[in-house]
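Each chain is listed here by its residues.
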Amino acid sequence: MPRLAASVLAALAFLAAPALLSAGAAMAQAQTAQPPIRLIVGFPPGGGIDLLSRVMGEGLSARLGRTVVVENRAGAGGNIAADAVAKAAPDGNTLGAVPAGPLVINRHIYRSMPFDPLRDFTPISRFAAIPVVFLAAPKSGITDIATLRAALEKGPLPCGTPGAGTTQHLALTLLMREIGRDCTIVHYRGTGPALPDLLTGTIGLYVDTVVTGLPPARDGRARAIAIASPTRSALAPEVPVVAESVPGFVAETWLALVGPRSLPEPVAARLEEAMIALARDPAVVARLRELASDPVGSTRAELAETIRAQDAVWGPVAKAANVTAD
């Protein structure tokens, strides 16, 4: 069957719904008649991205009247899962819950990419954002971006990240560029090993996500000096955003729903509608807050523009950070 004809039939099947049946019977019939939607996730079960993806999957299942099965394919910074989505049939039965890394960062770090993030996907909606937070050593005297700049004027400050090539590492590199300063970067294997060094002042600054960064700030093991979201986050409204001192500065990871390239327009439109409604559902918003993330619910056009804009930002930053991966 020609690919175009197959896509049209797939769109009709995806959109088919027994409108004359009761809501419960309609959902039961739709779930029986159609195969499950595979939602491919590039990180292991139990982690932050996986948990957010499962919230997404449950919500889509309820709104589409179809079973959504989360399939974890971890590895290569999310590239393995994203590649599986890129190479799937464009029928709406295989989708990806893909974070920022594979879409806007990895192609600037990995020596070889099996897909083109700017061409090989149908962007559907950005679901949730996880801001980066800058944490200072409690006794460092650093309380905001201005005092951080002053501390850096005295000489390079040891600054920690949870790993080379992470969003946090690139956010630190970007901040140093924007404020015209430099620091001595120390990479740790996650937040746990870094916190003792931050508490004792061995490092003066640590860059984290709000998921693991806000708890130690709240119990006094660190001081949250700024969050890198576009506006103050409901997760910590008392903490200023970097953009209040460095206009336009944003650094966050996020989770988006994407499909393979050439996803039929009716299928993409229905998924977009479901995702926007999902991100505005009070119960879902509450669950996202529990997972230390901000709901977004963007349109397809907004996600496509986010991917293009952030790819342009992180490319030069990754080059400046001199990070490569196989």
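What counts and how
Residues numbered from 1 in each chain as written. Predicted model: local features only at pLDDT ≥ 70, side-chain atom pairs only at ≥ 80, totals over all residues. Heavy atoms only, no water. Phe/Tyr/Trp six-rings, centres within 6.5 Å; stacked < 30°, edge-to-face > 60°. Buried < 20%, exposed > 50% of the residue type's maximum accessible area, 1.4 Å probe, protein only. Helix = DSSP H or I, 4+ residues; strand = E, 2+ residues; numbered from the N terminus. Lys, Arg positive; Asp, Glu negative; His and termini not counted. Salt bridge = Lys/Arg side-chain N within 4 Å of Asp/Glu carboxyl O. Polar contact = N/O pair within 3.5 Å; in protein donor to acceptor, adjacent residues only side chain to side chain. Contact = heavy atoms within 4.5 Å. Core = buried A, V, L, I, M, F, W, Y, C linked by side-chain atoms within 4.5 Å.

Asker: Help me understand the packing of aromatic side chains in this model?
Answerer: Remark: the centre distance and the inter-plane angle together describe each pair of aromatic rings, the angle taken between the planes. Applying the stated rule across the entire model yields 3 aromatic pairs. On the basis of an interplanar angle of 75 degrees and a centroid distance of 5.4 Å, the ring pair of Phe115 and Phe121 is categorised as edge-to-face. The pair Phe115 / Phe121 is uniform in exposure class, with both members buried.

Asker: Would you mind showing me how to read the side chain of Asp208 here?
Answerer: Tracing the backbone through its elements, the reader meets Asp208 in strand 7 (residues 205-209). The buried charged residue Asp208 lacks any salt bridge partner; its closest oppositely charged side chain belongs to Arg221, at an N-O distance of 9.2 Å. At 2.7 Å, the side chain of Asp208 and the side chain of Thr212 are in polar contact. Those residues within four positions of Asp208 in sequence are excluded, and the remaining contacts are Pro131, Val132, Val133, Leu135, Gln168, Thr191 and Gly213.

Asker: Whenever I open this one, the nonpolar core confuses me. Can you help?
Answerer: Most often, soluble globular proteins keep nonpolar side chains buried together rather than apart. Formed by 54 residues in total, the largest nonpolar core has its most connected members in Phe134 and Leu175. When residues no more than four places from it in sequence are discounted, the contact partners of Leu175 are Phe134, Ile145, Leu148, Val242, Val246 and Phe249. By size, the runner-up hydrophobic cluster in this structure holds 46 residues, among which are Ile49, Ala97, Leu135 and Leu291.

Scope: geometric values only; no functional claims are made or implied.
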